[in-house]
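This is what each chain is made of:
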Amino acid sequence: LSGKIVAEFYSTSSTGVLEVVENLSADSDVRVKFGKIANVKDGAVIAAFADGTMSGSKDYVQLAEEHRDDCRLEYTTTEQDAGTIVLKKGKFESDVAAVVGTDTYTSLQAAIDAAAAASTADNPVTVEIVSLGDVMLDETINIPESANIIITDDGSPHTFKRSAGNAGALFTVGAGAKLTFTSTASDEKEMKLIIDGNKNAVTYTSGATSIVDLGAGNCELTINRGVQFRGNRSYANGGVITTAADKPAVITILGGRFADNETVTEKGAISGGVMYIANGSTAVIRDAEFNSNILSGEYTLNGGVLYVDKTGKVEIDHCTFKGNRINYVGKGTGNIAFGGVMTISTTAKDNAVVKNSTFTENGITAISGNGFGGAFSVGGGCHLTMSNCEFSENYLDTAGTIYGGKDVRTAGNTVIHLSGKINGEFFNTGAAYTLDITDSLTEGSAVTMKWNSVNSVEGKTVVTFAKGIMDNSKNYISLDESLRGSYFLDFSDDKAILLKKKSLVSLLDWRRFL
């Protein structure tokens, strides 16, 4: 299986395995049913997931309703985000051990602590906490080790809001714990559960941090439709969600909105205005909105919305990014603003995948200093895979020195893998980069290429094509207008495009020599 699947799979024997080879997409609904459930062994594998697909796809696979009183699904996941689903047999009253109502910080933390007291790593207890009203968060809410907590609304919109003086993370998730924010929203635009960082309640000296801290590692965060994170001010990496290097966490976002959050540095570099994906952590982000988030300061800034570190991993699908920006005041030597939306530092080919998403009015405003990439900045030697993405009205606006790339900036030896409908400018600040067309570009695509040091690229391959797709795709690729007077793209090879410098004859009017 792969892509969007809505179906019941019925096995007439005691075995049968679904193999998920690529991620299941939004709105999939896979139901598994057995003709003779009594013959199915306890612990039998019913689904297997390829590398990189487990966290983003497992929730779409469910048992048929008639099996749920006597069976449940259990999950195993590897560091490569592969894994299996096995069938466990026995009498289970409910996956949720208790449903607790809350409308105060004290009752919220008490309900979580009670769930943790009943949980062990081998026998985790899930507690659903229903907000009965707005809740002021006077202190950090701690999700202890091994607890499995679901926070939702009661059908009416409610807000969890930072109290004045609460400068810590609003939620910290312990090792082995799971935290889920969900809602009763009926559509993706309706926000029923709101987490408000109350940016006016904190200052730099108070040291406010992210809304959700996953720094303990080996923990999971899930955000579903109808949940909004807004108005936070942070002075640390990952203004809304942060992870720690080499302490892997799994983030799954299946809807929701991140808006009007601000991350600020007054001393030192900072990364990830909304989310910081550190080494070893994984994020799958689908059907989410990121609007008007800001990363600002005087030192090096990375990723107005998202920063992905060297071994971090991210997949983005059907998301919108609008009005996000970096406000940069250069200070000192070597300080630079990178990526108004996203900075990619991961070097593995499949670790940064962006599909079916739009990037509008994002950018960098730099009063002084240098800025790279109004939407994306992709580091040297890194990979970005992009399919069906459109860029419009992204910008670089500065009174100081700015190095281009209003859409996607790349460094030396970067490879950008493209397919489907792509509209955008790709600008390289190093000696070379390559666009790798892995599947045909489709109608409406407009890929523009530009280099800071164009002379060093002359005569080199700048675009490669998978077998058999060059003729269908090459006409969607062009040079930036500023280069067309002196350079041209050479299509004579049937697998690649080279950048060539026009000869003296071609620069003059060749008709004079007839």
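Residues numbered from 1 in each chain as written. Predicted model: local features only at pLDDT ≥ 70, side-chain atom pairs only at ≥ 80, totals over all residues. Heavy atoms only, no water.

### With respect to helix α2 (residues 105-118)
The first and last C-alpha atoms of α2 sit 21 Å apart over 14 residues, in line with the 20 Å expected at 1.5 Å per residue. The set of residues buried in α2 consists of Y105, L108, Q109, A111, I112, A115 and A116. Looking straight down α2, one finds its buried side chains confined to an arc of 155°; they lie on one side. Away from its buried face by more than 90 degrees, α2 exposes T106 and A117. (Helix = DSSP H or I, 4+ residues; strand = E, 2+ residues; numbered from the N terminus. Expected span 1.5 Å × (residues − 1). Buried < 20%, exposed > 50% of the residue type's maximum accessible area, 1.4 Å probe, protein only. Arc of directions from axis to C-beta.)

### Overview of the pairing of strand β24 (residues 262-265)
Burial along β24 is two-sided: E262 and V264 facing one way and T263 and T265 facing the other are all buried. Taken together, the two bridges between strand β20 (residues 233-234) and β24 define a ladder with parallel strand orientation. Along β24, the bridge assignment pairs S234 with T263. As defined by bridge partners, β24 adjoins strand β29 (residues 294-297) across four bridges and the pair is classed as parallel. Of the residues in β29, the one forming a bridge with T263 is L295. (Pairing = 2+ DSSP bridges.)

### Let's talk about the side chain of Q109
You can see Q109 is positioned in helix α2. Those residues in contact with Q109, other than ones at most four positions away along the chain, are T140, I141 and N142. (Contact = heavy atoms within 4.5 Å.)

### A short note on the packing of aromatic side chains
Across all of its chains, the model carries 11 aromatic pairs by this definition. Residues F181 and F229 carry aromatic rings whose centres are separated by 5.5 Å and whose planes lie at 90° to one another, so their mutual orientation is edge-to-face. Residue F181 is located in strand β15 (residues 178-181), and its partner F229 is located in strand β19 (residues 227-230); the two are separated by 48 residues in the primary sequence. Of the residues examined, F229 reaches a relative accessible area of 0% and is grouped as buried. Every member of this aromatic cluster is reached through a ring pair, and the members are F171, F181, F229, F258, F290, F321, F359, F376 and F391. In this arrangement the basic side chain of K58 is found over the ring face of Y75, its NZ or CZ atom lying 5.0 Å from the centre. Just above the ring of F372 sits the side chain of R409; from NZ or CZ to the centre is 4.7 Å. (Phe/Tyr/Trp six-rings, centres within 6.5 Å; stacked < 30°, edge-to-face > 60°. Lys NZ or Arg CZ within 6 Å of the ring centre and 35° of its normal.)

### Some details on the sheet that holds strand β7 (residues 83-89)
Spatially, the four strands line up as an open sheet ordered β2-β4-β7-β6, and their pairing is mixed. Two strands lie at the open edges of the sheet, namely β2 (18-20) and β6 (71-77), each paired on one side alone. Shown here is a sheet whose adjacent strand axes are inclined to one another by a mean of 20°, direction ignored. Where β2 lies against strand β4 (residues 45-49), three bridges are found, and the strand directions are parallel. Residue E19 lies in a different strand from β4, and its bridge partner there is A48. (Axes fitted to C-alpha atoms, helices over the stretch in contact; angles between N-to-C directions.)

### Some thoughts on the sheet that holds strand β40 (residues 370-372)
Judged by pairing direction, the sheet is parallel, and its four strands sit side by side in the order β25-β30-β35-β40 without closing on themselves. The sheet terminates laterally at β25 (270-271) and β40, the two strands that pair on one side only. Sheet topology note: the β25/strand β30 (residues 301-302) ladder contains two bridges and is parallel. Across the sheet, the residue bridging to I270 is L301, located in β30.

### Topic: unusual backbone geometry
Here D260, not a glycine, exhibits a phi torsion of approximately 60°, which is positive. Assignment of secondary structure puts D260 in the loop between β23 (257-259) and β24.

### Regarding the nonpolar core
Counting residues in each nonpolar core, the largest one holds 92 residues, and the members touching the most others are F171, F181, I241, M275 and F376. Looking at this core, the element that brings in the most residues is α2, giving six residues. Once residues lying within four places of it in the same chain are set aside, the contact partners of F171 are L137, T140, I141, I151, L179, F181, I195, I211, V212 and D213. (Core = buried A, V, L, I, M, F, W, Y, C linked by side-chain atoms within 4.5 Å.)

### Regarding the pattern of salt bridges
The full count for this structure, using the stated rule, is 16 salt bridges. Measuring nitrogen to oxygen at the nearest pair gives 2.8 Å for the salt bridge that ties K189 to E289. A residue pair is termed long-range when its members are at least 10 positions apart, and K189 in the loop between β15 and β16 (193-196) and E289 in strand β28 (residues 289-291) qualify at 100 residues. You can call K189 exposed: its relative accessible area is 52%. E289 gets classed as buried once you look at its relative accessible area, which sits at 11%. A salt bridge links E390 to K421, with the nearest nitrogen and oxygen atoms 3.4 Å apart. (Salt bridge = Lys/Arg side-chain N within 4 Å of Asp/Glu carboxyl O.)

### Structural notes on the environment of I270
By the element assignment, I270 lies in strand β25. Sequence-distant contacts of I270, defined by excluding residues within four places in its chain, comprise Y235, A236, N237, T263, V264, T265, L295, T300, L301 and N302.

### Quick notes on the confidence of the model for the chain
When the pLDDT values of the chain are averaged, the result is 87; 91% of them are 70 or greater. This model gives residues 510-514 a pLDDT under 50, and the stretch forms three contacts once residues within four places in sequence are excluded. (pLDDT = per-residue confidence, 0-100.)

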